Amino acid sequence: MKTWVAMYLLIWAVLLEMLIVFFPVLGYDANLDLHVLGGAVVVVLALIVYRQIRNTSCPDRIKRISRSTAQLAVLDTVIGFPLYLTDMSILGVPFKEVILFLHFVLAITIIAQASSSATAYDMWEEREFAPTPADQPRSPAHTS
Ligand code: HEM
């Protein structure tokens, strides 16, 4: 899979993952099972992106962002399992709220980082960072 494809797919997969849990159109349980499956897809994509990015000569910042995105995806999945496996009614409400909040914040962070690194990588690959004639400073004759 091309790296830029995997990077943009990751963004859409995380978005879909959120929509699945926010809009349980198939019913709560079915949507949750789909959400768990989606979590695996997100983690695999994030790892593919990081492995592929690592082997390019793109700027280190993009590599670092991709690495932490993959780490956050793994962490979010780890946090998701107690949410999924435990009957929430036997937990204290604050405990549930804290884990859900963390799970949610990590999801937002993953999508934000995946978006920024995808754009940066795409620009690097397309050499859009190279100055174009329009970026040249105007000659003094043009300044009034
Ligand atoms: C890395 C991928 C994942 C993302 C981006 C993600 C995202 C989310 C989001 C945004 C919510 C809603 C949080 C809220 O209501 O405040 C949520 C809820 C939840 N997630 Fe995930 N999740 C991921 C992976 C997983 C995995 C792998 C599992 C289980 C193994 C899981 C289990 C749950 C559960 C049980 C809920 C609570 C559903 C409810 O009772 O309303 N998540 N997730």
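Residues numbered from 1 in each chain as written. Predicted model: local features only at pLDDT ≥ 70, side-chain atom pairs only at ≥ 80, totals over all residues.

With that out of the way, let us pick up the overall build of the chain. Along the chain, the regular secondary structure elements total four helices and zero strands. Helices and strands appear in the chain in the N-to-C order α-α-α-α. Here the C-alpha atoms of the chain give a radius of gyration of 20 Å, more than 25% beyond the 15 Å that 2.2 N^0.38 yields for 144 residues. In terms of overall dimensions, the chain has a C-alpha envelope of 75 × 35 × 25 Å along the principal axes. With 144 residues in all, the chain has 23% of them scored as buried. (Helix = DSSP H or I, 4+ residues; strand = E, 2+ residues; numbered from the N terminus. Rg over C-alpha atoms; globule rule 2.2 N^0.38 Å. Buried ≥ 20, exposed ≤ 12 C-beta atoms within 10 Å, placed from the backbone.)

Near the ligand you find 21 residues, and of these Gly39, Gly80, Leu83, Tyr84 and Ala107 are the closest. Contributions of two or more residues to the shell around the ligand are made by helix H1 (3-22), helix H2 (28-54), helix H3 (60-85) and helix H4 (93-125). If you tally residues by element for the shell around the ligand, the top one is H3, at seven residues. (Near = placed C-beta within 6 Å.)

This paragraph deals with the packing of H1 against H2. Between H1 and H2, whose axes approach to 9 Å, the crossing angle comes to 160°. As summarised for this structure, H1 and H2 are arranged roughly antiparallel, according to the angle between their axes. Read as a crossing pair, H1 and H2 show a hand that is left-handed. (Axes fitted to C-alpha atoms, helices over the stretch in contact; angles between N-to-C directions. Parallel < 35°, antiparallel > 145°, perpendicular 65-115°, else oblique. Left-handed = near helix turned anticlockwise from the far one by under 90°.)

Let's shift gears to the nonpolar core. Leu10, Val14, Ala46, Val49 and Ala114 are the most contacted members of the largest nonpolar core, which has 22 residues in total. When residues of this core are traced back to their parent elements, those giving at least two are H1, H2, H3 and H4. Among residues more than four places away in sequence, those in contact with valine 14 are Val42, Ala107, Ile110, Ile111 and Ala114. (Core = buried A, V, L, I, M, F, W, Y, C linked by C-beta atoms within 7 Å. Contact = placed C-beta atoms within 7 Å.)

Right, let's talk about the packing of H2 against H3 for a bit. The interhelical angle for the contact between H2 and H3, taken along N-to-C directions, is 160°, at an axis separation of 9 Å. Judged on the interaxial angle alone, H3 and H2 are roughly antiparallel. In the crossing of H2 with H3, the sense of the turn from one axis to the other is left-handed. Within the contact between the two elements, H2 uses Leu32, Val36, Gly39, Val42, Val43, Ala46, Leu47, Val49, Tyr50, Ile53 and Arg54 and H3 uses Ile62, Lys63, Ser66, Arg67, Thr69, Ala70, Ala73, Val74, Thr77, Gly80 and Tyr84. Taken together, the residues that form the contact of H2 with H3 break down as 14 nonpolar, five polar and three charged. (Nonpolar A, V, L, I, M, F, W, Y, C, P; charged D, E, K, R; others polar.)

So, on to H3. In this model, H3 (26 residues) spans 38 Å end to end at C-alpha, consistent with the 38 Å of a helix rising 1.5 Å per residue. Restricting attention to buried positions, one finds in H3 the residues Ile62, Ile65, Ser66, Thr69, Ala70, Ala73, Asp76 and Gly80. (Expected span 1.5 Å × (residues − 1).)

What follows is about H2. Because each turn of an α-helix spans 3.6 residues, side chains separated by three or four positions in sequence point in the same direction. Here H2 is 27 residues long and its end C-alpha atoms lie 38 Å apart, about the 39 Å a rise of 1.5 Å per residue gives. Where H2 is concerned, the buried positions are His35, Gly39, Val42, Leu45, Ala46, Val49, Tyr50 and Ile53.

The next thing to look at is unusual backbone geometry. Of note, the phi angle at arginine 127 is positive, near 55°, even though the residue is not glycine. A residue is classified by how many C-beta atoms lie within 10 Å of it, and arginine 127, with 7 of them, is exposed.

Here we come to the environment of leucine 15. Relative to the elements of secondary structure, leucine 15 occurs in helix H1. Residue leucine 15 is classed as partly exposed on the basis of its 14 C-beta neighbours within 10 Å. Along the primary structure leucine 15 and alanine 107 are separated by 92 residues, whereas in three dimensions their C-alpha atoms are 8.9 Å apart.

Without other data, these values stay purely geometric and don't point to any function.
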